[in-house]
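Chain residues, written in single-letter form:
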Amino acid sequence: MPNKPSGLVKLQFLGAAGTVTGSKFLLTANDRNYLIDCGLFQGADRLEQQNWQPLSIAANRISAVILTHAHLDHSGYLPRLVKLGYKGPVYASEATGELMKIILPDSGYLQEEGANYANKHGYSRHKPALPLYTSDEAYNSMKNLYSIQMNSPYSVDNQVSVTMRPAGHILGSAILDISVTNNHARHRYVFSGDLGRYGMEITKEPSLVSEADYLALESTYGAREHVSNSFELRLESVVNETHKKGGVLIIPSSAVGRTQSVLFYLRKLESDKKIPIMPVYVDSPMAVDATEVYLKYKDEHNLNTQVLEKRPLISSQTRLIRKVEESKELNEKPGPMIIISSSGMLEGGRVMHHLKNRIGDPNNTVLLVGFQPTGTRGRMLMAGAKEITIHGEKVPVIAKVVWTDELSAHADFNDSLRWLSGFNRPPKTTFLVHGEPDSLSSLREKIENKYHWTVKIPEYLESFTLD
Ligand SMILES: [Zn+2]
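Quantities reported herein were computed from a predicted structural model and do not represent experimental measurements.

Right, let's talk about the overall build of the protein chain for a bit. If you tally the helices and strands in the protein chain, you get 14 helices and 22 strands. Over its C-alpha atoms the protein chain spans a radius of gyration of 22 Å, differing by no more than 12% from the 23 Å that the globule rule assigns to 467 residues. Judged by the C-alpha coordinates and their principal axes, the protein chain covers about 70 × 50 × 40 Å. Looking at the protein chain residue by residue over its 467 residues, the buried ones come to 57%. Of the contacts made within the protein chain by residues no fewer than 6 positions apart, 74% connect residues no fewer than 24 positions apart. Put simply, the protein chain shows about 19500 Å² of open surface, and 49% of that area lies on carbon and sulfur atoms. Placing the 52 positive and 51 negative side-chain charges of the protein chain at their respective mean positions leaves the two points 1 Å apart.

This is the structure in structure tokens:
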């Protein structure tokens, strides 16, 4: 006989609590468990080790996984969860599903490669080094992936329904508006996922949500204000300066979202004759595939047919590189040229080889265009490190390093406060997640001062009973 349901709704934070990665929130209603996002921890070693820790719940006790978007820190733990015994459905928007099919196997591949490389060169702390999951395991983890249409409620089961609303962050990204019927009452639990910005050229604005009983809000830039529309100017000056020196401009960039935005602005500057047309190499098979998905879902962002006809993402000198041999050939090519390659925070991927090869030359520039979490090489470069370790080897940093958050796909505190103004009553509690400690406390203060809401900053594994 099954136990009588407890009638309680609980929320436990299994990741992105006090940090920006590993998003995983366990919503339990009537003893049924729903995992909201299934993200990898990334960045500092200490965080990455957490991917190996047992979950606070047995994987086979989870009834459903619901994802906000395809970025690895929101979807990249899924293959591990399936490996641990999860067999249930995985819900995501259609575009998110397509992007996951590109991102997850690549993540498995990078982990296999990382483990092989570490074993070969003997710098792993585990012997032998193992991948968290393989590329094949990543493919197989998506067998039960179901797509949910934006803006229409979808019944997950007889007590939970979810409405996905466009979040304006990357293609397919959604705010999850989850309704739970419990003891004949209905409550709404809203998870912002990664929230986009207002007034951006490429992404649409985050959708308004008017009500939530409880809200989990991301806080990546909770302490910062983005300078709007300045990325184009920054890119113009960095490209021209590097071109003048005959150097190589390396833009480490996440393959999904960021790379497409960088290409858009490069193309725009070229056609406005603000920068010379020079070779641009997109050295990431994943970015090439993701660009195709962007072009398929034209209604979900502002790169519509009209814009793209006038100004395709790819110019006469843009080369999309898939093969490893072609990637290696780039090592021999002289500047001026631009290499866009992932990962954006310099934690693996082909960009590591380019960095190792080019960072010792004063004519070259590294342009960091995304959020750089603590403990990543990106963050170390941003902080002015004179030396970084790549593949176990210390490499001096001689090239110029420029960091900008102007292309960020995350709301700053003004965007977040503006989005919150759409709520017609305060949530009982607003949980701030997906932020480093200063961003979290800064955003809490701003929300408390402006709206007088109850705001909590959950700790890793902290659990709350929601009424
Ligand atoms: Zn994201």
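As a further point, take the domain arrangement of the protein chain. Taken as a whole, the protein chain is organised into domain 1 (9-224 + 409-466) and domain 2 (231-403). Computed over C-alpha atoms only, the centres of domain 1 and domain 2 are separated by 27 Å. Tallying the contact residues gives 29 residues for domain 1 and 35 residues for domain 2. Per-residue buried area on domain 1 facing domain 2 is highest for Leu-171, Glu-201 and Ile-202; these three make up 26% of the total on that side. The tally of links between domain 1 and domain 2 comes to three salt bridges.

Turning our attention to the environment of Thr-259. You can see Thr-259 is positioned in helix 7 (residues 258-271). On a C-alpha basis, the gap between Thr-259 and Ser-23 in space is 23 Å, while along the polypeptide they are 236 residues apart. At 2.9 Å, the side chain of Thr-259 and the backbone oxygen of Ser-254 are in polar contact.

In total, this model carries 16 aromatic pairs according to the counting rule given. With a centroid separation of 5.1 Å and an interplanar angle of 80°, the aromatic rings of Phe-264 and Tyr-265 are classed as edge-to-face. Pairing Tyr-451 with Trp-453 gives two aromatic rings, centres 5.4 Å apart and planes at 35°, and the pair type is tilted. Grouped by ring-pair contacts, the aromatic residues Phe-13, Phe-25, Tyr-189, Phe-191, Tyr-214, Phe-431 and Phe-464 constitute a single cluster. The residue whose ring lies beneath Arg-418 is Tyr-198, and the NZ or CZ to ring-centre distance is 3.8 Å. Positioned over the ring face of Phe-413 is Lys-446, at 4.2 Å from the centre of the ring.

The next subject is the sheet that holds strand 9 (residues 174-182). Spatially, 7-8-9-10-11-20-21 is the arrangement adopted by the seven strands of the open sheet, whose pairing is mixed. Looking along the sheet, the strands with just one partner apiece sit at the ends: strand 7 (154-155) and strand 21 (455-456). Summarising the sheet, strand 11 (residues 214-218) and strand 20 (residues 429-433) pair through five bridges and their orientation is parallel. Note on strand 20: the bridge partner recorded for Tyr-214 is Thr-429. Across the face of the sheet, helix 13 (residues 413-420) comes into contact with strand 9, strand 10 (185-191) and strand 11 while running at roughly 160° to strand 11.

Protein-derived ligands of the zinc ion are His-69 (NE2), His-71 (ND1), His-169 (NE2) and Asp-194 (OD), with the metal-ligand distances lying across 2.2 to 2.3 Å. Around the zinc ion sit four donor atoms, and with donor-metal-donor angles ranging over 91 to 166° the site reads as irregular. One chain supplies every donor to the zinc ion, and in sequence these donors are spaced H-x1-H-x97-H-x24-D. Taken as a pair, His-71 in the loop between strand 4 (62-66) and helix 2 (72-75) and His-169 in the loop between strand 8 (160-166) and strand 9 lie far apart in primary sequence, 98 residues in all. Like His-169, His-71 is buried.

Attention now goes to the layout of surface pockets. Of the pockets and cavities examined, the second largest pocket occupies roughly 220 Å³. Of all the elements in the fold, those that place two or more residues in the lining of the second largest pocket are helix 12 (377-382) and helix 14 (437-451). Each residue belonging to the lining of the second largest pocket can be placed in one class, and the counts come to five nonpolar, three polar and four charged. Both domain 1 (9-224 + 409-466) and domain 2 (231-403) contribute no fewer than three residues apiece to the lining of the second largest pocket.

What counts, and at which threshold
- Residues numbered from 1 in each chain as written.
- Predicted model: local features only at pLDDT ≥ 70, side-chain atom pairs only at ≥ 80, totals over all residues.
- Heavy atoms only, no water.
- Helix = DSSP H or I, 4+ residues; strand = E, 2+ residues; numbered from the N terminus.
- Rg over C-alpha atoms; globule rule 2.2 N^0.38 Å.
- Buried < 20%, exposed > 50% of the residue type's maximum accessible area, 1.4 Å probe, protein only.
- Contact = heavy atoms within 4.5 Å.
- Areas by Shrake-Rupley, 256 points an atom, 1.4 Å probe, with all protein chains shown as cover.
- Lys, Arg positive; Asp, Glu negative; His and termini not counted.
- Charge placed at Lys NZ, Arg CZ, Asp CG, Glu CD.
- Domains from an automatic or database assignment.
- Buried area = accessible area lost by both parts, 1.4 Å probe.
- Salt bridge = Lys/Arg side-chain N within 4 Å of Asp/Glu carboxyl O.
- Polar contact = N/O pair within 3.5 Å; in protein donor to acceptor, adjacent residues only side chain to side chain.
- Phe/Tyr/Trp six-rings, centres within 6.5 Å; stacked < 30°, edge-to-face > 60°.
- Lys NZ or Arg CZ within 6 Å of the ring centre and 35° of its normal.
- Pairing = 2+ DSSP bridges.
- Axes fitted to C-alpha atoms, helices over the stretch in contact; angles between N-to-C directions.
- Donors = N, O, S within 2.8 Å, 3.2 Å for Na, K, Ca; no water.
- Tetrahedral: all angles 85-135°; square planar, octahedral: opposite > 155°, others 65-115°.
- 1 Å grid on protein atoms, 1.4 Å probe; cavity = no way out; pocket = protein on both sides within 12 Å on 5 of 7 lines; lining within 4 Å.
- Points joined across faces, edges and corners; volume = space filled by probe spheres on them.
- Nonpolar A, V, L, I, M, F, W, Y, C, P; charged D, E, K, R; others polar.

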